[in-house]
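Topology and contacts: notes
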Amino acid sequence: MTDVLVSTPLDEARLAFRDELLESGMLVATSVPGIYGRSGDFERIVTGLDTLLGESFASLGATVLRFPPVYPRADFERTDYIASFPDLSGIVSSFEDGDREHRELLAAREDGHAWDGWLKPADVVLTNAICHPLYATLEGTLPEGGSVHDLSGYGFRHEPSNDPMRLQSFRMREFVFAGTPDAAQLYRDTWLDTSVAVLASLGLAVDAVPANDPFFGRAGKMLVSAQLRENLKVEIIVPLYGDLHEGTAIASANCQRDHLTAAFDIRTTDGEIAHGACIAFGMERTALALLRTHGMRLDAWPVDVRALLGL
Ligand code: AMP
Ligand code: ZN
């Protein structure tokens, strides 16, 4: 069997951008696609963006909460993520047996054989969407008027790619509302507009478009069409490669309806199941879109953009 490598102009444009990022030292490649080290300048952009987002959403009065990049497997189970996105999931495994099994593992390793069969799934999984650990903590009745949280952290999605915008491990900043269905819808729509304005103020040619999640398999096709039909997901996209591609999502505004709130039995004061909505910013993607738009030298960026980001 021969491998057929089809390289489209878009693939080549992505690789050229990746080369530019690596040559300038903004990113440092590892042996795995989608996992990079990041330079000090790259982190300055992310820090500036993080501060700007905090200021732009300050009037929400959100409760700040931070979780580590792993969360309980039992909660992951309740989100149903493994049903919709088995290909993106990441489970932590560890060794739980004794000396005899360890010797077997070492012998297999010594012989150049796979040794991960001696590991067992641990009680934590990698967080895929940083609002999931939050929902797991909201079980019960929400305060009057609902709750708003400000989250930040790493998400893992197993989608190895040479596209520098598609990482396997990346940071998100999310502002998450849970409350009545009407309030959740209003929250999504209002803060989507704010998000578009903030990103546009950074000189990004943003557009807000209806979108869908990459649900897996045949059953997933129905979820995709429902999501589009009911306008549950809007993505803020930025064109990076001229006419070759309509644009890459740097943020999303999501109506989660009762998907997670029902799973975790989260209710409003009237006793009904609450609805959730979140605005999620991809930190690396936004930094990369800024680099693509304004260039690799931060001191040559437009003065107003540098001022907004404290650069
Ligand atoms: P989502 O929950 O899929 O809407 O993702 C929220 C945001 O995270 C997206 O708008 C992107 O900016 C970012 N994001 C999602 N997947 C990736 C990825 N594979 N690599 C980098 N950023 C991502
Ligand atoms: Zn979310």
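Not measured: the values here are computed from a predicted model.

1. Some details on helix 5 (residues 99-110)
Compared with an ideal rise of 1.5 Å per residue, which puts 12 residues at 16 Å, helix 5 spans 16 Å between its outermost C-alpha atoms and is within 8% of the ideal. For helix 5, the set of buried residues is Glu101, Leu105 and Ala108. The buried residues of helix 5 occupy an angular sector of 65° when the element is viewed end-on, so they sit on one face. Among the exposed residues of helix 5, those pointing more than 90 degrees away from its buried face are Asp99, Arg103 and Glu110. Looking one or two residues past helix 5, Gly112 carries a phi angle of roughly 80°, positive in sign.

2. Focus: the packing of aromatic side chains
For any pair of aromatic rings, the description consists of the separation of the ring centres together with the inter-plane angle of the planes. Summed over all chains, the structure comprises nine aromatic pairs. Here the aromatic rings of Phe57 and Phe281 are separated by 5.7 Å at their centres, their planes lie at 80°, and the arrangement is edge-to-face. Of the two residues, Phe57 is situated in the loop between helix 2 (40-56) and strand 3 (63-66) and Phe281 in strand 14 (residues 275-282); the sequence distance between them amounts to 224 residues. With respect to burial, Phe57 and Phe281 carry one shared label: buried. Arranged with centres 5.1 Å apart and planes meeting at 20°, the rings of Phe85 and Phe215 form a pair that is stacked. Placement of the pair is Phe85 in the loop between helix 4 (81-84) and strand 5 (91-94) and Phe215 in the loop between strand 10 (207-210) and helix 8 (217-229), with a sequence separation of 130 residues. Judged by relative accessible area, Phe85 falls into the buried class, the value being 10%. Phe215 gets classed as buried once you look at its relative accessible area, which sits at 19%.

3. Focus: the coordination of the zinc ion (ligand 2)
At this site the zinc ion (ligand 2) is bound by Cys131 (SG), Glu174 (OE), Glu174 (OE) and Cys278 (SG), with donor distances of 2.3 to 2.8 Å. Within one chain, the residues donating to the zinc ion (ligand 2) are spaced in sequence as C-x42-E-x103-C. Taken as a pair, Cys131 in the loop between strand 6 (120-126) and helix 6 (132-137) and Cys278 in strand 14 lie far apart in primary sequence, 147 residues in all. In this pair, the class of Cys131 matches that of Cys278, namely buried.

4. Describing the domain arrangement of the chain
Split into domains, the chain comes out as domain 1 (40-90 + 128-309) and domain 2 (92-125). Averaged C-alpha coordinates put domain 1 and domain 2 at centres separated by 36 Å. Contacts between the two partners involve seven residues from domain 1 and, on the opposite side, six residues from domain 2. Contact between domain 1 and domain 2 buries roughly 550 Å² in total, counting both sides, with carbon and sulfur atoms accounting for 64%. Per-residue buried area on domain 1 facing domain 2 is highest for Val70, Arg73 and Gly90; these three make up 72% of the total on that side.

5. Re the site of ligand 1
Close contacts around ligand 1 come from 15 residues, with Arg157, Glu159, Leu167, Lys233 and Ser252 the closest. The side chain of Lys233 places a nitrogen or oxygen atom 2.7 Å from an oxygen atom of ligand 1. Between Gly282 and ligand 1, the recorded distance is 3.4 Å, taken from a backbone N or O atom to an oxygen atom. Elements supplying a minimum of two residues to the shell around ligand 1: strand 9 (169-179), strand 12 (248-257) and strand 14. Across the shell around ligand 1, the residue classes tally to eight nonpolar, two polar and five charged.

6. Comments concerning the pairing of strand 8 (residues 147-156)
Side-chain direction in a regular strand flips from residue to residue, so the side chains alternate between the two faces of the sheet. The element strand 8 is largely enclosed, with a buried count of eight among its 10 residues. Pairing between strand 3 and strand 8: four bridges, direction parallel. Looking across to strand 8, one finds that Arg66 is bridged to Ser152. Note that strand 8 and strand 9 share 10 bridges and pair antiparallel. Looking across to strand 9, one finds that Val148 is bridged to Phe177.

Criteria and cut-off values
Residues numbered from 1 in each chain as written. Chains lettered and ligands numbered in written order. Predicted model: local features only at pLDDT ≥ 70, side-chain atom pairs only at ≥ 80, totals over all residues. Heavy atoms only, no water. Helix = DSSP H or I, 4+ residues; strand = E, 2+ residues; numbered from the N terminus. Expected span 1.5 Å × (residues − 1). Buried < 20%, exposed > 50% of the residue type's maximum accessible area, 1.4 Å probe, protein only. Arc of directions from axis to C-beta. Phe/Tyr/Trp six-rings, centres within 6.5 Å; stacked < 30°, edge-to-face > 60°. Donors = N, O, S within 2.8 Å, 3.2 Å for Na, K, Ca; no water. Domains from an automatic or database assignment. Contact = heavy atoms within 4.5 Å. Buried area = accessible area lost by both parts, 1.4 Å probe. Near = heavy atom within 4 Å. Polar contact = N/O pair within 3.5 Å; in protein donor to acceptor, adjacent residues only side chain to side chain. Nonpolar A, V, L, I, M, F, W, Y, C, P; charged D, E, K, R; others polar. Pairing = 2+ DSSP bridges.

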